[in-house]
Amino acid sequence: QLRLVESGGGLVQAGGSLRLSCAYSGFSMETYSIGWFRQRPGGEREGISCLSSRDGALYADHVKGRFTISRDSSKNIVYLQMNSLKPGDAAVYHCATQDIRCWPDTYYGWGQGTQVSVSS
């Protein structure tokens, strides 16, 4: 029953904004976390942001101050608001879940990913 579905990716001009959505089901955010990850072309998957009731909102240093993670509890959606986008932000963005702790290496339920492209 666990499911996560990413959406909201697209092409945006450098300096612009984009909001990604992670629609989740089959678990509760009261006891689980959701993390956003990205994989640049030819690169490894890296953690971008995480949200949990224990740890709050956490961000990788490279996106801190530009990206904001939030949740709409009524819709079971976790958002990643991305502002001041740079060409280096272009990647496939994924969401996944695990227990209430952010950043351990036990994420699962990976979504299909959504492509973010940034033009300069």
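Residues numbered from 1 in each chain as written. Predicted model: local features only at pLDDT ≥ 70, side-chain atom pairs only at ≥ 80, totals over all residues. Heavy atoms only, no water.

Side note on unusual backbone geometry
With a phi close to 55°, N76 is a non-glycine residue in the positive phi region. Of note, N76 is situated in the loop between β7 (67-72) and β8 (77-82). Residue N76 is classed as partly exposed on the basis of its relative accessible area, which comes to 29%. For S84, which is not a glycine, the phi torsion comes out positive at approximately 50°. With respect to the helices and strands, S84 occurs in the loop between β8 and β9 (91-99). (Helix = DSSP H or I, 4+ residues; strand = E, 2+ residues; numbered from the N terminus. Buried < 20%, exposed > 50% of the residue type's maximum accessible area, 1.4 Å probe, protein only.)

Thoughts on the state of the cysteines
One covalent bond between the sulfur atoms of two cysteine residues makes up a disulfide. Here the structure, examined in full by the defined rule, presents two disulfides. The disulfide partner of C22 is C95, and the S-S distance across this bridge is 2.2 Å. With the S-S bond torsion at 80°, the cross-link from C22 to C95 turns out right-handed. Of the two residues, C22 is situated in strand β3 (residues 18-25) and C95 in strand β9; the sequence distance between them amounts to 73 residues. Disulfide pairing is shown between C50 and C102; the S-S distance is 2.0 Å. Since a negative S-S torsion denotes a left-handed disulfide, the C50-C102 link at about -85° is left-handed. Of the two residues, C50 is situated in strand β5 (residues 45-52) and C102 in the loop between β9 and β10 (114-119); the sequence distance between them amounts to 52 residues. (Disulfide = S-S within 2.5 Å.)

Focus on the sheet that holds β9
Spatial ordering of the open sheet is given by β2-β10-β9-β4-β5-β6, a layout of six strands whose pairing is mixed. In this open sheet, the two edge strands, each paired with only one partner strand, are β2 (10-13) and β6 (56-59). Pairwise comparison of adjacent strand axes, ignoring direction, gives a mean angle of 25° for this sheet. Examined bridge by bridge, β5 and β6 share four bridges and lie antiparallel to one another. Paired with C50 across the strands is L58, a residue of β6. (Pairing = 2+ DSSP bridges. Axes fitted to C-alpha atoms, helices over the stretch in contact; angles between N-to-C directions.)

What to know about the pairing of β5
Walk down a regular strand and you will see the side chains alternate between the two sheet faces. Relative to β5, strand β4 (residues 32-39) runs antiparallel, the two sharing six bridges. Each residue of the ladder has a partner; that of R38, found in β5, is E46. Linking β4 back to β5 in an antiparallel pair, the connection comprises five residues, with G42 at a positive phi of about 75°. Counting the residues between successive antiparallel strands, the hairpin from β5 to β6 contains three residues.

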